[in-house]
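A structural walkthrough
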Amino acid sequence: MSRDDEFIAYMRAFEASTTHLGSCAACQNGQPCTTGAPIHAEFTTRQDTWNARVRAERE
């Protein structure tokens, strides 16, 4: 996956997570619902991957 594609996937996951969070009371209270849990997990995974790539590029 190219750097640009990876960043775009990260931002799409961020958008999906924040959009869901904005409309789900359970997720807003820190208890991800069955729909939100995988959305938030996807965002966390992509964020971790992106941050690792940025750190590696700086070294």
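What counts and how
- Residues numbered from 1 in each chain as written.
- Predicted model: local features only at pLDDT ≥ 70, side-chain atom pairs only at ≥ 80, totals over all residues.
- Heavy atoms only, no water.
- Core = buried A, V, L, I, M, F, W, Y, C linked by side-chain atoms within 4.5 Å.
- Buried < 20%, exposed > 50% of the residue type's maximum accessible area, 1.4 Å probe, protein only.
- Helix = DSSP H or I, 4+ residues; strand = E, 2+ residues; numbered from the N terminus.
- Contact = heavy atoms within 4.5 Å.

Structural notes on the nonpolar core
- Within the largest apolar cluster, five residues are counted, these being Tyr10, Ala13, Phe43, Trp50 and Val54.
- The dominant element in this core, judged by the number of residues it contributes, is helix 3 (residues 36-58), at three residues.
- Residue contacts for Tyr10: discarding those within four places in its chain leaves Phe43, Arg46, Gln47 and Trp50.

A few points about the side chain of His20
- With respect to the helices and strands, the residue His20 is situated in helix 1 (residues 3-23).
- We classify His20 as buried; its relative accessible area is 14%.
- Residues within four places of His20 in sequence aside, it is in contact with Cys27, Cys33, Thr35, Gly36, Ile39 and His40.

Brief notes about the side chain of Ser17
- Relative to the elements of secondary structure, Ser17 occurs in helix 1.
- Assessed through its relative accessible area of 9%, Ser17 is described here as buried.
- Setting aside its immediate chain neighbours within four residues, Ser17 contacts Ile39, His40 and Phe43.

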